[in-house]
Amino acid sequence: MQLSRRDFATLAASVATAVASSGLDAANDSAPDDSVSADWIDAHVHVWHPDTTKYPISDRFRKSDMQPASFTAEELFMHCRPVGVKRVVLIQMSFYEFDHRYMNEVIAAHPGVFSGIAIVDPHSDQLEERMQELASQGSRGFRLHSHGAANTWVNDPGMAKLWRIAAEKNLAACPLIDPPELDAVAHLCERFPDTTVVIDHFARVGISGEIKPNELNRLCSLAKYPKVHVKTSAFYALGEKAPPYDDLADMIRRVLDAFGPERLMWASDCPYQVQGSHTYAAAIGLILDRLDFLSPGDKQWLLRGTAEKVFFG
């Protein structure tokens, strides 16, 4: 889905407003550097190619599971480039499981534009070698999809090995989990305090349609671990699930107060964010325009600085 002319105009004005505000004292706003520009980073995007002969999908999936049927890097650029998003963190798509061919080709074809988050089997005998290989191809993190079973990670030797290797090689563990599983992440943070952790989509607080205080409290309790970061992302799937997503403001303020802007990163979760009534414009516009408690420096961290530090440093 392409941005409408109205969306283009709205986002162009949003970016201009953010740039114009850069005359404020960036140092007092905890900005990651002294320059403010629309050099934003989207910290969570999936891409896939419709040619399943060249890029075969796992036997666990059918081609009909690929919805939309195509979301290539070129299709992504149509959404992100007009609004100042110049770099992107790609998340290996589950359709491909451990076959990173397409993601790695995209990273290689656009030097400096993409970083990756890969998927590995934590129980593989070649875990360390595979993590190192993927890191050499542009991945800076590893996705941990719990499938509702993150509590088994606590006593899993393979998971412990992955977290240890990630810490040693300055790579990130990136859990996709639900609120009841946050205790397992806390346990691993206790055991491996040097491992960088990036939690996807607010740990899906609000996915039921209601942002429950006890779930948000559990997420914010992880702020005591200095290496834990949170993606403020997937707005289309949380709370009221309707643009302009103003109902998520209180949750964003709460995680901002708990973690600080330097441990939050914005992401779209494309292509899911650009389906139906949801647009890329609305996703980035919530951070750029609609949250009056975000300073220009806060916006720099959320829209660039944190993801740059973790995935492009």
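Residues numbered from 1 in each chain as written. Predicted model: local features only at pLDDT ≥ 70, side-chain atom pairs only at ≥ 80, totals over all residues. Heavy atoms only, no water.

Caption draft 1: How the structure looks around the side chain of Ser70. With respect to the helices, strands and loops of the structure, Ser70 is situated in the loop between strand E1 (40-45) and helix H2 (73-80). Leaving out residues up to four positions away in the same chain, Ser70 has contacts with Trp48, Pro50 and Glu75. (Helix = DSSP H or I, 4+ residues; strand = E, 2+ residues; numbered from the N terminus. Contact = heavy atoms within 4.5 Å.)

Caption draft 2: Focus on helix H8 (residues 249-259). For H8, the complete set of buried residues consists of Ala249, Met251, Ile252, Val255, Leu256 and Phe259. Seen along its axis, H8 keeps its buried residues to an arc of 165 degrees; they face one direction. Facing away from the buried surface of H8 by more than 90 degrees, the exposed residues are Asp250 and Asp257. Contacts made by the buried residues of H8 are with helix H7 (213-221), strand E7 (228-233), strand E8 (264-267), helix H9 (280-289) and helix H10 (296-312). Where H8 ends, the next residue or the one after it, Gly260, has phi of about 80 degrees, a positive value. (Buried < 20%, exposed > 50% of the residue type's maximum accessible area, 1.4 Å probe, protein only. Arc of directions from axis to C-beta.)

Caption draft 3: Quick look at the pairing of strand E4 (residues 139-145). Of all seven residues making up E4, six are buried, and the element is well covered by its neighbours. Relative to E4, strand E3 (residues 114-118) runs parallel, the two being bridged by three bridges. The residue bridging Gly116 from the neighbouring strand is Ser139, located in E4. In this region the chain leaves E3, passes through helix H4 (residues 127-136) and returns to the parallel neighbour E4; the handedness of that crossover is right-handed. (Pairing = 2+ DSSP bridges. Right-handed = clockwise from strand over helix to strand, strands pointing away.)

Caption draft 4: The sheet that holds E1, seen in detail. In spatial order, the strands read E1-E2-E3-E4-E5-E6-E7-E8; together these eight strands make up an open sheet with parallel pairing. Each end of this open sheet is capped by a strand with a single partner; those strands are E1 and E8. Sheet twist, expressed as the average angle between the axes of neighbouring strands with direction ignored, equals 25 degrees. Relative to strand E2 (residues 85-91), E1 runs parallel, the two being bridged by four bridges. Within the sheet, the bridge partner assigned to Asp42 lies in E2 and is Val88. (Axes fitted to C-alpha atoms, helices over the stretch in contact; angles between N-to-C directions.)

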